[in-house]
Amino acid sequence: MRRLLVELSVALTAVALGLFFLVNTISEGDGAPVPVEVATGVVAVAGLILFRRTRPVTLALVLIPLGILFALPMGATPIALFAVGLRRRAGVAAGLVALHAALVASIYFIALGNTRLYYEVVVFLVLLHVSLVAIAMLIRSHRQLVASLAERARQAEEGQRLRVEQARSSERERLAREMHDVLAHRLSLLAVHAGALEVRREASGDEQRAAGVIRETAHDALEDLRSVIHMLRAPADDRPQPTLGDVPALVEQSRSAGADVGLTLDGGDGVPVTVGRHAYRIVQEALTNARKHAPGAPVRVAISACAEHGLDVAVRNALAPGSAAMPGAGSGLAGLRERVQLVGGRLEHGPTTGGEFHLKAWLPWPT
């Protein structure tokens, strides 16, 4: 419907301009017979509707001489040149305008001579077409700029989405490695104890056979776990995974680097290893973000843990004035959110009304 209205408007505009030129020509007693004018006008309008979008240059080359020789097609010529400026390079549009100006100046000089009317007609027609083509070129440049900005925005959104997905995948991979280390240790202990029970002299034959089955099953489970995790495991060292007891050392490292970090640790005894490891990663990411986005600002870390309520981690730091988001900002927090959600916890973060950035996490206590 919209395109139909556009085509109708173009046709009516071309006819109105052509009638204006035709009336002036008839009033001066010049021009071709009216039936010829009508026929050429119909051809010009039909050409606008059919070829203005697909072949604007060819259409303009046909309408330029028609618009000079006949009055009614003169209304379609500026629209054809406008279409060239809108859909083709600036050099092509400028060349057609120059060609049209040269033909108008030459032919009208032969027809009118060196008179005032000649200069008035030539200046009017040239300025009309130059103005329309210039407007069309501006519209085309604006469209290209908008399209370029939209593509950049799309690429930026896609890049941010990929960074978030990568952060989530990295966090899952890290969790898988940590789970492998924990389960491998426990399965190894189970296999050792089952083996000891299997060779125990006081055990009956049934007990020894059951212990053997347990030992073999634990060994097979350990091998299966290693084969599955091996596909996810990135090259990494085999150092012990950090726990909640390593948080003070982590804070001390930040202090050694010049950061003002305060730590409050309540109820750290008896925290399960897995929960403590997640808490360590949360504090580590929070301190990293504080160093990147608010260097020099004081940071306060508060950790409280108990079996009834779980483990709470709260990190606050003052916002740096005029701080801007760094490239890739949010990927680490996306990874933290993935980690916390996978273990059934909650995570929230963002600026406060007091001019601080806060990060709060709650981790459930395993039963």
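Residues numbered from 1 in each chain as written. Predicted model: local features only at pLDDT ≥ 70, side-chain atom pairs only at ≥ 80, totals over all residues. Heavy atoms only, no water.

Across its full length, the chain carries 10 helices and 5 strands. Looking at the chain as a whole, 34% of its 367 residues qualify as buried. Long-range contacts, defined as pairs at least 24 residues apart, comprise 69% of the intrachain contacts of the chain with a sequence gap of at least 6. When the accessible surface of the chain is split by element, carbon and sulfur atoms take 62% of a total near 21400 Å². (Helix = DSSP H or I, 4+ residues; strand = E, 2+ residues; numbered from the N terminus. Buried < 20%, exposed > 50% of the residue type's maximum accessible area, 1.4 Å probe, protein only. Contact = heavy atoms within 4.5 Å. Areas by Shrake-Rupley, 256 points an atom, 1.4 Å probe, with all protein chains shown as cover.)

The next subject is the environment of proline 56. Relative to the helices and strands, proline 56 is located in helix 3 (residues 56-69). For proline 56, a relative accessible area of 1% translates into the label buried. For the pair formed by proline 56 and glycine 85, sequence separation is 29 residues and the distance between their alpha carbons is 9.0 Å.

In this structure the tally under the stated criterion is 6 salt bridges. The residue arginine 161 makes a salt bridge to glutamate 158 at a minimum N-O spacing of 2.5 Å. With a gap of 3 residues between them, arginine 161 and glutamate 158 both fall in helix 6 (residues 116-198), about one helical turn apart. A salt bridge links arginine 316 to glutamate 356; its shortest N-O distance comes to 3.2 Å. On the criterion of sequence distance, the pair formed by arginine 316 in strand 3 (residues 310-318) and glutamate 356 in strand 5 (residues 356-363) is long-range, its members being 40 residues apart. (Salt bridge = Lys/Arg side-chain N within 4 Å of Asp/Glu carboxyl O.)

It is worth spelling out the sheet that holds strand 2 (residues 299-306) at this point. Taken in spatial order, the 5 strands line up as 1-2-3-5-4 in an open sheet, and their pairing is mixed. What marks the edges here is a single partner per strand, and that holds for strand 1 (261-266) and strand 4 (346-351). Across the sheet, the mean angle from the axis of one strand to that of its neighbour is 5°, orientation sign disregarded. In the packing of helix 8 (residues 247-256) onto the sheet, the strands contacted are strand 1 and strand 2, and the crossing angle to strand 1 comes to about 170°. Packing of helix 9 (residues 273-293) onto the sheet brings it into contact with strand 1, strand 2, strand 3 and strand 5, and relative to strand 3 it is tilted by some 5°. (Pairing = 2+ DSSP bridges. Axes fitted to C-alpha atoms, helices over the stretch in contact; angles between N-to-C directions.)

At a minimum axis separation of 10 Å, helix 3 and helix 5 (residues 90-112) run at an interaxial angle of 15°. As summarised for this structure, helix 3 and helix 5 are arranged roughly parallel, according to the angle between their axes. Handedness of the crossing formed by helix 3 with helix 5: right-handed. Contact with helix 3, carried on its side by Val57, Ala60, Leu61, Ile64 and Ile68, involves Val92, Leu96, Leu99, His100, Leu103, Val104, Ile107 and Tyr108 of helix 5 and no other residues of that element. Class assignment for the residues of the contact of helix 3 with helix 5 results in 12 nonpolar, 1 polar and no charged. (Parallel < 35°, antiparallel > 145°, perpendicular 65-115°, else oblique. Left-handed = near helix turned anticlockwise from the far one by under 90°. Nonpolar A, V, L, I, M, F, W, Y, C, P; charged D, E, K, R; others polar.)

What the rule picks out here adds up to 2 aromatic pairs. Note on tyrosine 118 and tyrosine 119: the rings are 5.0 Å apart at their centroids and 70° apart in plane angle, and the pair reads as edge-to-face. An aromatic cluster is defined as three or more aromatic residues linked by ring pairs; in this entry it consists of Phe109, Tyr118 and Tyr119. (Phe/Tyr/Trp six-rings, centres within 6.5 Å; stacked < 30°, edge-to-face > 60°.)

Before going further, it helps to examine a nonpolar patch on the surface. On the surface, a cluster of nonpolar side chains totalling about 330 Å² of accessible area is made up of Ile26, Val34, Val38 and Val42. For the nonpolar patch, the leading source of residues is helix 2 (residues 34-51), giving 3 residues. For valine 38, a relative accessible area of 41% corresponds to the partly exposed category. (Patch = residues over 30% accessible without salt bridge, like charges linked within 9 Å, V, L, I, M, F, W, Y side chains within 5 Å.)

Below, the discussion takes up the nonpolar core. Counting residues in each nonpolar core, the largest one holds 32 residues, and the members touching the most others are Leu48, Leu63 and Tyr108. Of all the elements, helix 3 adds the most residues to this core, at 6 residues. When neighbours within four sequence positions are excluded, leucine 63 is seen to be in contact with Ala44, Leu48, Ala76, Thr77 and Ala80. Listed in part, the 29 residues of the second largest apolar core include Leu250, Val275, Ala279 and Val340. (Core = buried A, V, L, I, M, F, W, Y, C linked by side-chain atoms within 4.5 Å.)

Bringing the environment of valine 199 into the picture now. Along the chain, the position of valine 199 falls in the loop between helix 6 and helix 7 (205-232). Distance from valine 199 to alanine 211, taken between C-alpha atoms, is 8.9 Å for residues 12 residues apart in sequence.

We now examine the side chain of arginine 52. You can see arginine 52 is positioned in the loop between helix 2 and helix 3. The residues touching arginine 52, leaving out its near neighbours within four places in the chain, are Val6, Glu7, Val10, Gly47, Leu59, Ile79, Ala83 and Arg87.

A few words now on the packing of helix 4 (residues 77-87) against helix 5. Put simply, helix 4 and helix 5 touch, their axes get as near as 8 Å, and they point 155° apart. When the interaxial angle is binned, helix 4 and helix 5 end up roughly antiparallel. For the element pair helix 4 and helix 5, the recorded crossing hand is left-handed. Facing helix 4, whose interface residues are Thr77, Leu81, Val84 and Gly85, helix 5 presents Val92, Ala93, Leu96 and His100.

Regular strands show a simple pattern: their side chains alternate between the two faces of the sheet. Pairing geometry for strand 4 and strand 5, over 6 bridges, is antiparallel. Note that in strand 5 the partner of histidine 349 across the bridge is leucine 359. Between the end of strand 4 and the start of strand 5, which pair antiparallel, lie 4 residues, with glycine 355 showing a positive phi angle near 80°.

Here we come to the environment of valine 313. Turning to its location among the elements, valine 313 is positioned in strand 3. Each C-alpha atom of the pair valine 313 and alanine 361 lies 5.1 Å from the other, and the pair is 48 residues apart in sequence. Setting aside chain neighbours within four positions, we find valine 313 in contact with Ala279, Ile282, Val283, Ala302, Ile303, Leu359, Lys360 and Ala361.

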